[in-house]
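Analysis of the macromolecular model
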Amino acid sequence: MLQLSTLDLQQEIQQALDSNPMLEVQENGEERTDPPLPEGGADDRSESPVSDPDWEENIPTELPVDTRWEDIYQAPTMPNQPAGDGPDMDFESRFGGRESLHEHMLWQLNLTRFSDLDRAMALAIIDATDDNGRLTIPVREIWESFDPEQEIELDEVMAVLHRLQRFNPTGVCTHDLRECLLVQLQQLPDDTPWLALSQLLVNRYIGLLGTRDYSQIMRRAKIQEAELKGALELVQSLSPNPGQSLASSQTEYIVPDVFVHRKSTGWAVELNQDHAPRLRINSQYANLVKRANNSDENTYLRENLQEARWFLKSLHSRNETLMKVASKIVELQRGFLEHGEAAMKPLVLRDIAEAIEMHESTVSRVTTQKYMHTPRGIYELKYFFSSHVSTFNGGECSSTAIRALIKELVATENPRKPLSDNRITALMEQQGIIVARRTIAKYRESLMIPPSNERKRLA
């Protein structure tokens, strides 16, 4: 339970509510009878709302934070029903995904007038198109795949291809980037500014556009910088992979586990109490266990009651551990909260583990897929851990701070003369930070910042 994300924990709680009749949701305004979740520190209250020595089975006082129910107790089964029996509910099938590019093109094909032979060629071309809108095989191979007795000419396949390239999104069913951009430019109105020059640049100088060799382009095309700048803006407005606009993707929502906000006395850490319902043990069902007979129904209730008490205690232990780790991270990374990434301190799992007297593996579990809401944004707890490099004065600087400095230097560089990795290394040394050029290149790539020759652009 400790390693579950917030959304996975919600599903786990809902599954427990559906399968265990002893658990119920406590409505707002009702008196709380089960152990409350910790908000500012540990809470030692862990008694069940029902206690009777005649039927109670003991739960260990110190429950390990990563204990599984199956490791201690046998899971209860319904009386007179074999274990594992029951309907399988596929909840994922209730939610439909977005329309794929292949489906979208087939829908347009059904709305377009084609002969039977042309439709067969169109289907072959669509099947050979990937999710980005690129043809995976040449048109000639598609043409050769048809039966020679049909007497299909290559020009006929090309004519169908040209019609498909004008389907929405424009530029699909193309062989390469050059053809994709040219198809999109051909669909623009004739009075579009810089249209003719843009077609010339894409058709003849797309290689130089990729390397941003603008001086060579201006010399060969015999154009001025203002003309090149206008044509570049038009080219950059096109989509290099038109099919991605219809690519199916599953949205992942981030629900913060802890909130951090500033008070007059310092930084306060609170658990998010709204992402999971408040649970308690149903007292009516629990009182039925007092019959103390050995029937299958009573045994079923006893087992579910014990599992419900273990589940509540596990939730309490999970949140208590999460609170300890988050509070210690905030304490050690106070500089980041106040001054930003450049003030991030070096931190490893061992530092937190030793501070809260837990094992590193436990800290690793509690920081995975757990998120902290801060005034600077929402961050995964693992974000606050980073390695360090040395400084000239014998101190340490975190890798996160170095990445922040690289972003700052690149953001303020001259676009005509971008900073090389060697130049960034020298600027770091001027600030007292010892870092190798290879390290700068690695951090720059992790930030998705292209090298200096690709960052060069017109002012």
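Residues numbered from 1 in each chain as written. Predicted model: local features only at pLDDT ≥ 70, side-chain atom pairs only at ≥ 80, totals over all residues. Heavy atoms only, no water.

1. As for the sheet that holds strand β5 (residues 371–374)
Worth spelling out the cut-off: Criterion used throughout: strands pair if DSSP finds at least two bridges between them. Put simply, DSSP marks the helices as runs of H or I at least four residues long and the strands as runs of E at least two long, and each gets a number from the N terminus on. For helices, the fitted line uses only the C-alpha atoms of the stretch in contact; every axis is such a line through C-alpha atoms, and the angle between N-to-C directions lies from 0 to 180 degrees.
Taking strand neighbours across the sheet as the criterion, the four strands line up as β3-β2-β5-β6 in an open arrangement whose pairing is mixed. Two strands bound the open sheet, and with one partner strand each, they are β3 (266–271) and β6 (377–380). Looking at each pair of strands side by side, their axes are set apart by 25° on average, direction ignored. Across two bridges, the pairing between strand β2 (residues 258–263) and β5 is parallel. Its bridge partner lying in β5, Phe 259 is registered against His 373.

2. Regarding the pairing of β3
Going by this rule: Note on classification: 1.4 Å probe, protein chains only; a residue is buried when its accessible area is under 20% of the maximum for its type, exposed when over 50%, partly exposed between these limits.
By the criterion of burial, β3 is predominantly enclosed, with five of the six residues buried. Between β2 and β3, which pair antiparallel one after the other, the connecting turn spans two residues.

3. Looking at the packing of helix α18 (residues 421–430) against helix α19 (residues 437–446)
Basically, it comes down to this: Throughout this description, any angle smaller than 35 degrees is read as roughly parallel, any larger than 145 degrees as roughly antiparallel, any in the 65 to 115 degree range as roughly perpendicular, and the remainder as oblique. Residue contacts are counted whenever heavy atoms from the two residues lie within 4.5 Å of one another. Ten residue types, Ala, Val, Leu, Ile, Met, Phe, Trp, Tyr, Cys and Pro, are classed as nonpolar, four, Asp, Glu, Lys and Arg, as charged, and the remainder, Gly among them, as polar.
For the pair α18 and α19, the least separation of the axes is 9 Å and the interaxial angle reads 110°. What the angle tells us is that α18 and α19 run roughly perpendicular. Residues Asp 421, Asn 422, Ile 424, Thr 425 and Met 428 of α18 form the contact with α19, whose participating residues are Arg 437, Ile 440, Ala 441 and Arg 444. Its residues placed into classes, the contact of α18 with α19 shows four nonpolar, two polar and three charged.

4. Here's the deal with the nonpolar core
Worth spelling out the cut-off: Take the buried Ala, Val, Leu, Ile, Met, Phe, Trp, Tyr and Cys residues and link them wherever side-chain atoms come within 4.5 Å; each set so joined is a nonpolar core.
Among the nonpolar cores identified, the biggest contains 26 residues, and Ile 329, Ile 352 and Met 372 are the most heavily contacted of them. Elements supplying a minimum of two residues to this core: β2, β3, α13 (296–332), α14 (334–339), α15 (349–356) and α16 (360–366). Residue contributions to this core peak at six residues, all from α13. Not counting residues within four places of it along the chain, the set of residues in contact with Ile 329 comprises Ile 352, Met 372, Leu 381, Phe 384 and Phe 385. Judged by nonpolar contacts, the second largest core, of 22 residues, contains Met 105, Leu 109, Ala 128 and Ile 142.

5. Things to note about the pairing of β6
Two elements, β5 and β6, share four bridges in a ladder whose sense is antiparallel. Bridge assignment links Thr 374 to a residue of β6, and that residue is Gly 377.

6. Quick word on a negative patch on the surface
The test is simple: Candidates for patches are residues over 30% relative accessible area with no salt bridge; among them, like charges are joined within 9 Å and nonpolar side chains (Val, Leu, Ile, Met, Phe, Trp, Tyr) within 5 Å. Using a 1.4 Å probe, the Shrake-Rupley method yields the accessible areas, and only the shown protein chains count as cover for residues. Here a salt bridge means any side-chain nitrogen of Lys or Arg lying within 4 Å of a carboxyl oxygen belonging to Asp or Glu. Just so you know, the count uses Lys and Arg for positive and Asp and Glu for negative, and it drops His and the chain ends. Think of each charge as sitting on NZ of Lys, CZ of Arg, CG of Asp or CD of Glu.
Side chains of Asp 147, Glu 149, Glu 151, Glu 153, Asp 155 and Glu 156 sit close together on the surface and give a patch of like negative charge. Checked against the element boundaries, Glu 149 lands in the loop between α5 (139–144) and α6 (154–164). Its relative accessible area of 69% is what places Glu 149 among the exposed residues.

7. Focus on the environment of Gln 165
Here Gln 165 shows up in the loop between α6 and α7 (177–186). Its relative accessible area of 2% is what places Gln 165 among the buried residues. The contacts of Gln 165, once residues within four sequence positions are left out, are Thr 170, Gly 171, Val 172, Cys 173, Thr 174, Glu 179 and Val 183.

8. A look at the confidence of the model for the chain
To keep things clear, this is the line we draw: pLDDT measures the predictor's confidence residue by residue and takes values from 0 up to 100.
Here the chain averages 81 in pLDDT, while 80% of its residues score no lower than 70. In the predicted structure, residues 32–56 sits below a pLDDT of 50 and forms 48 contacts with residues beyond four places in sequence or in another chain. Every residue in residues 78–96 scores below 50 in pLDDT, and together they form nine contacts with partners more than four places removed in sequence or on other chains.

9. A word on the pattern of salt bridges
Taken as a whole and assessed by the stated rule, the structure comprises nine salt bridges. As a salt-bridge pair, Glu 225 and Arg 416 come within 2.7 Å of each other at their nearest N and O atoms. Within this pair, whereas Glu 225 is found in helix α11 (residues 225–236), its partner Arg 416 is found in the loop between α17 (399–411) and α18, the two being separated by 191 residues in sequence. Ionic pairing is found between Arg 350 and Glu 360, a salt bridge with its closest N-O pair at 3.3 Å. Of this pair, Arg 350 sits in helix α15 while Glu 360 sits in helix α16, and the two are ten residues apart along the sequence. For Glu 360, a relative accessible area of 32% gives the class partly exposed.

10. A closer look at helix α3 (residues 101–110)
Threshold: Along the arc lie the directions from the helix axis toward the C-beta atoms.
The complete set of buried residues in α3 reads Leu 101, His 104, Met 105, Gln 108 and Leu 109. With its buried residues spanning 140° around the axis, α3 presents them on a single face. Contacts made by the buried residues of α3 are with α4 (116–127) and α6.

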